[in-house]
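Okay, here's what each chain looks like letter by letter:
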Amino acid sequence: MTQIASKKELSFEDFKTEIINDFKIAVTSRECSLLGRREVLTGKAKFGIFGDGKEVPQLAMAKAFKNGDFRSGYYRDQTFMMAIGQMNIQQFFAGLYGHTDIEHDPMSAGRQMGGHFATHSLNEDGSWKNLVMQKNSSADISPTAGQMPRLLGLAQASKIYRNVTGINNKTNFSINGNEIAWGTIGNASTSEGLFFETINAAGVLQVPMVMSVWDDEYGISVHARHQTTKENISEILKGFQRDNDSKGYEIIRVKGWDYPALITAYEQAAQIAREEHVPVLIHVQELTQPQGHSTSGSHERYKNEARLAWEADFDCLRQMKLWMIATNMASQEELDEMETVIKKEVLEGKKAAWNAFVEPIKNEQKELLSVLESIAKSSDNEVFIQKYSADLSSIKEPIRKDILLAARKVLRIIVKENGRNELAKWITDYTKKIQPKFSSNLFSESDKNVFSVKEVLPTYDENAEQVDARLVIRDNFDAIFSKYPETLIFGEDAGNIGDVNQGLEGMQEKYGEHRVADVGIREATILGQGIGMALRGLRPIAEIQYLDYLLYAIQIMSDDLATLQYRTRGKQKAPLIIRTRGHRLEGIWHSGSPMGMIINAIRGIHVLVPRNMTKAAGFYNTLLETDEPALVIECLNGYRLKEKMPTNIGEFKTPIGVVETLKEGKDITLVSYGSTLRLVEQAAKELLEIGIDAEIIDIQSLLPFDVNHDIIKSLTKTNRLLVIDEDVPGGASAFILQQILDEQNGYKHLDSKPETLAAKAHRPAYGTDGDYFSKPSAEDIYEKVYAIMSEVNPVKYPSLF
Ligand SMILES: Cc1ncc(C[n+]2csc(CCOP(=O)(O)OP(=O)(O)O)c2C)c(N)n1
Ligand SMILES: [Mg+2]
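A quick note: this is a predicted structure, and the numbers were derived from the prediction, not measured.

Trainee: Can you explain the overall build of the chain? Please cite residues and give values.
Mentor: Broken down by element type, the chain carries 26 helices and 23 strands. Expected size for 801 residues packed as a compact globule is a radius of gyration near 28 Å; at 30 Å, the chain falls within 12% of this value. Once the C-alpha set of the chain is aligned to its principal axes, its extents read approximately 100 × 85 × 45 Å. For the chain, buried positions account for 60% of its 801 residues. Restricting the contact set of the chain to residue pairs at least 6 apart, pairs at least 24 apart contribute 79%. Within the chain, one finds 92 positive and 110 negative side-chain charges whose respective centroids are separated by 4 Å.

Trainee: Tell me what's going on with the nonpolar core, and back it up with residues and numbers.
Mentor: Of all hydrophobic cores here, the largest spans 91 residues; its most connected members are Phe93, Trp182, Tyr266, Ile282, Met324, Leu368 and Leu423. At 15 residues, helix H11 (residues 332-377) tops the list of elements feeding residues into this core. What tyrosine 266 contacts, discounting residues up to four positions off in sequence, is Pro57, Ala60, Met61, Ala64, Trp182, Ser212, Trp214, Ile282 and Val284. By size, the runner-up hydrophobic cluster in this structure holds 86 residues, among which are Phe70, Ile531, Ile598 and Ala732.

Trainee: Help me get a handle on the coordination of the magnesium ion (ligand 2), residues and values and all.
Mentor: Protein-derived ligands of the magnesium ion (ligand 2) are Asn187 (OD1), Asp216 (OD) and Tyr218 (O), with the metal-ligand distances lying across 2.0 to 2.1 Å. Each donor residue of the magnesium ion (ligand 2) belongs to the same chain, and together they define the spacing N-x28-D-x1-Y. Taken together, the residues asparagine 187 in the loop between strand E4 (181-186) and helix H6 (193-205) and tyrosine 218 in strand E6 (residues 218-219) connect sequence positions 31 residues apart.

Trainee: Any chance you could break down the site of ligand 1 for me, citing the residues and the numbers?
Mentor: The environment of ligand 1 is made up of 18 residues, and the closest members are Tyr74, Tyr75, Arg76, Ser189 and Tyr218. Contacts to ligand 1 include arginine 76, whose side-chain N or O atom sits 2.7 Å from an oxygen atom. Of the residues belonging to the shell around ligand 1, the class tally is 6 nonpolar, 8 polar and 4 charged.

Trainee: Mind laying out H6, listing which residues take part and the relevant values?
Mentor: If you check H6, its first and last C-alpha atoms are 18 Å apart, about what 13 residues at 1.5 Å a residue would give, namely 18 Å. Here H6 has its buried residues at Leu194, Phe195, Thr198, Ile199, Ala201, Ala202 and Gly203. The first or second residue beyond H6 is glutamine 206, which carries a positive phi of 55 degrees.

Trainee: For the side chain of aspartate 105, give the residues involved together with the corresponding values.
Mentor: Among the structural elements, aspartate 105 can be located in the loop between helix H4 (89-97) and strand E3 (136-137). Nearest to the buried, unbridged aspartate 105 among oppositely charged side chains is arginine 111, at 8.7 Å. A polar atom in the side chain of aspartate 105 sits 2.8 Å from the backbone nitrogen of glycine 110. Setting aside residues no more than four positions away along its own chain, aspartate 105 makes contact with Ala94, Gly95, His99 and Gly110.

Trainee: Explain the environment of valine 278 to me, and be specific about the residues and the numbers.
Mentor: Along the chain, valine 278 turns up in the loop between helix H8 (259-276) and strand E9 (280-285). Since its relative accessible area comes to 7%, valine 278 is described here as buried. Not counting chain neighbours up to four residues away, the residues in contact with valine 278 comprise Gln206, Val207, Met209, Arg242, Gly248, Glu250, Ile272 and Ala273.

Trainee: So what's going on with the sheet that holds E9? Which residues, and what values?
Mentor: Within the open sheet, the 7 strands sit side by side as E1-E8-E9-E5-E4-E2-E3. Their pairing is parallel. Of all strands in the sheet, those bounded by a partner on one side alone are strand E1 (2-4) and E3. Note that strand E2 (residues 70-72) and E3 share 2 bridges and pair parallel. Along E3, the bridge assignment pairs phenylalanine 70 with asparagine 136. In the packing of H6 onto the sheet, contacts are made with E4, strand E5 (209-214) and E9, and the angle to E5 comes to roughly 150 degrees.

Trainee: Before we move on, can you summarise the packing of helix H13 (residues 400-413) against helix H14 (residues 419-439) with the specific residues and values?
Mentor: Between H13 and H14, the shortest axis-to-axis distance is 10 Å and the interhelical angle comes to 155 degrees. Between H13 and H14, the interaxial angle falls into the category roughly antiparallel. Note that H13 runs across H14; the crossing there is left-handed. When H13 is examined against H14, the residues Arg400, Ile403, Leu404, Ala407, Arg408, Val410 and Leu411 are found in contact with a partner set consisting of Arg420, Leu423, Ala424, Trp426, Ile427, Tyr430, Thr431, Ile434 and Lys437.

Trainee: How would you summarise the sheet that holds strand E15 (residues 606-608) if you had to cite specific residues and measurements?
Mentor: The strand order E12-E11-E13-E14-E16-E15-E21 describes an open sheet built from 7 strands, whose pairing is mixed. Looking along the sheet, the strands with just one partner apiece sit at the ends: strand E12 (516-518) and strand E21 (701-703). Neighbour-to-neighbour, the strand axes of the sheet open up by a mean angle of 20 degrees, direction not taken into account. Strand direction decides the pairing type here: E15 and strand E16 (residues 630-635), joined by 3 bridges, are parallel. Its bridge partner lying in E16, leucine 608 is registered against valine 632.

Trainee: Pulling in residues and values, what's your account of the pattern of salt bridges?
Mentor: Tallied over the entire structure, the rule returns 54 salt bridges. The shortest N-O distance in the salt bridge between glutamate 695 and lysine 717 comes to 2.6 Å. Placement of the pair is glutamate 695 in strand E20 (residues 694-698) and lysine 717 in helix H23 (residues 710-718), with a sequence separation of 22 residues. One network of salt bridges, in which partners are shared, links Asp499, Glu543, Arg579, Arg581 and Glu634.

What counts and what doesn't
- Counting restarts for each chain, with residues numbered from 1 along the sequence as it is written.
- Lettering for chains starts from A, numbering for ligands starts from 1, and both go in the order in which the items are written.
- Per-residue local features of the predicted model are confined to residues with pLDDT of at least 70, and side-chain atom pairs are confined, for both listing and counting, to 80 or more; whole-chain, interface and lining totals are unaffected and use all residues.
- Remark: hydrogens and water are excluded; side-chain values derive from all non-hydrogen atoms of the structure.
- What counts as a helix is a DSSP run of H or I of at least four residues, what counts as a strand is a run of E of at least two, and both are numbered from the N terminus.
- Computation of the radius of gyration draws on C-alpha atoms, with the globule rule given as 2.2 Å multiplied by the number of residues to the power 0.38.
- Buried, partly exposed and exposed residues are distinguished by accessible area as a fraction of the type maximum, computed with a 1.4 Å probe on protein chains only: under 20%, between the cut-offs, and over 50%, respectively.
- Every residue pair with non-hydrogen atoms within 4.5 Å of one another is taken to be in contact.
- His is not counted, nor are the chain ends, whereas Lys and Arg count as positive and Asp and Glu as negative.
- In this description, the location of a charge corresponds to atom NZ of lysine, CZ of arginine, CG of aspartate or CD of glutamate.
- Working definition of a nonpolar core: buried Ala, Val, Leu, Ile, Met, Phe, Trp, Tyr and Cys residues. They are joined through side-chain atoms within 4.5 Å.
- We call an atom a donor if it is N, O or S and sits within 2.8 Å of the metal, or 3.2 Å for Na, K and Ca. Water is not counted, so some sites may look partial.
- Distances are taken per atom, and a residue is near a molecule or strand as soon as one of its heavy atoms is within 4 Å of it.
- The term polar contact refers here to a pair of N or O atoms within 3.5 Å; inside protein, the definition further demands a hydrogen-donor-capable atom paired with an acceptor-capable atom, and it admits residues adjacent in sequence only when both atoms are side-chain atoms.
- Three residue categories are used. Nonpolar comprises Ala, Val, Leu, Ile, Met, Phe, Trp, Tyr, Cys and Pro, charged comprises Asp, Glu, Lys and Arg, and polar comprises the others, including Gly.
- One less than the number of residues in a helix, times 1.5 Å, gives the span that helix is expected to have.
- The term salt bridge refers to a pairing of a side-chain nitrogen on Lys or Arg with a carboxyl oxygen on Asp or Glu at a separation within 4 Å.
- A strand pair is defined by DSSP finding two or more bridges across the two strands.
- Interaxial angle, 0 to 180 degrees, is taken between N-to-C directions of lines fitted to C-alpha atoms, where a helix line uses only the stretch in contact.
- In these notes the angle categories are as follows: under 35 degrees is roughly parallel, over 145 is roughly antiparallel, 65 to 115 is roughly perpendicular, and the rest is oblique.
- The sense of a crossing depends on the near helix, which, turned anticlockwise from the far helix by less than a right angle, makes the crossing left-handed and, turned clockwise, makes it right-handed.

Here you go:
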């Protein structure tokens, strides 16, 4: 481990201007924190979490941070963002107020609370910017340590760009893999499993990652003694230190108030990571929180007098100032003068941000008031309308809720009057204009979204042979890897043996260990690898061995990947493909299908459930033409079933959001997906023998769901609906029913009660009997349909039970 201490040898002749500039950035940032807190306490902003007490190390990090580099950090990093020129005073306050205009709040267009930072990787049309020409920050998320998994992938991308031939010319994303991924995390958040998982994985992978731990000894009110063994993260990570015999980390320890030592530490870290592709941990100690954790509490409640006094003394900004004076960088008076000027600047920036935030809303307020005034004149309820108008106009600094609420209340009063039309139209138009500010960009809005790809059917030779279906998948991956050099796949057992079901057999030999890779058993960071690499222009396919183990990764899918486009208002994308296999096999953890949980946790990621390997391969081919993330769940029991080998392998495409009718029928519509369809088909055959003619629809993609509303077309014919699902009762079947009945107005066409047939509420038991008694069987399906038809025609179909 390297202990960096100030050598006080920076030549002030050379560095004076730069240091003064640094000081000004730190003071600006501090003043923003101080004023920001006031804005919250006076009610202008909802919540504030600031970077005070962490300014100086961030100046050092910014100096070592080069174009093309990426940050993956957390809410304390405002000084860093200012120092790399990606956030100014006005933007800081715009974020605090929640300004919904991306021009004003470039971090998230008001979608994230202040302190969650991002840069723009995409142009307005969704195409990539040149990322090596700019300094990049992946978009922050709030869950502590949630920034860690993607950091691993951001760093790994450099490794891939440096080592994989054929993509080295992708200069928009990398110059020979020289880019560093810089992580920041609070000391207390290192208690999270995601931190340790990432640390270990980065050591194994030997990627250019510099991880800074901002250590202020606390996590809100909880002291390090409750967080970290030995109260010291670099102490306990010592075993990761590289030496002559084994690869590992370079671990550096430095005091957060020691400016020259910090500069040296960060220079050294950058050199090691950039040139050698070795991960570095910088433990930045002795940091403080001058205003406590956030605006929701005060730290005087849990820090004693001695600690508070120490924090005042060792405030990094104060120490930097003392050092500047001691080294004759500037006099006390000069620095005081700078502070006075900056205070004024921050105040002005804050005012400008507030005005920019409220002005458009005030105009909307005026607009509604004039509509209300004209309606009031000819209304029997003039007095009431005037009351609402007066209340609204008395709000000096309205928010949009105030405006819309007044309009909607008045609409109720005048529902029987002529003015209703005008006001209803105003409300509709206003909502149409404003709603996207809060709801756009959940998915890609570019011309490469999933709906941009046309279906291409598989083609077959006349006497095409039936092969093990895993060969269709394998040959399709082969075609993909040779067609797209930026694709790569990684997962447990995915490399050497070519995945547990041999769908990647021989691929590592052919495409190398960087592109077809085994990884450790660590689902969350497998996902993170995928997110990070996709953020840097690669096309990763992250493999989760079994669907049941997706739970380990679902937090990061839900919090990070699913929200990415949304939380950056379309300024970042990670078109990651997550490959897994699931549905019916054997036992509690090998045959689950928690689809309801999955589809509800990851809105923002497409969820595709192909019934066979040809369909699955077609989904991969489609997805690689788009810029959106998706989860593809292959049928675990389908690899050894026979399918015909298509001639246009790698080219055929399964459309996304489109259902397929597998069998036409006139009596009832059976809706299902995945492995269960085979049982549905069997039941339908047996039902036909007694004259019940069922129509079978394969959903194929749960998200997006039947965008053409084809299921409705079936219901107009059959007037009856049964949804068959292997999830728990009320799981995915509830979603499917909601889509058909509510979204597609399916209830209008029904003559019988719409029904669902799901698995038992418990996890499926082991073995064939376990499956039979836990999940819907062909007999269950037969009997359920029969019972529905028995109610319709009891004479023809007398009750079975
Ligand atoms: C998963 C998760 N749990 C809890 C929280 C609430 N929370 C926000 S910040 C924080 C403390 C973090 O402390 P530390 O990592 O030391 O960072 P610091 O704020 O001290 O810089 C907690 C518990 C959260 N955001 N995410
Ligand atoms: Mg802390």
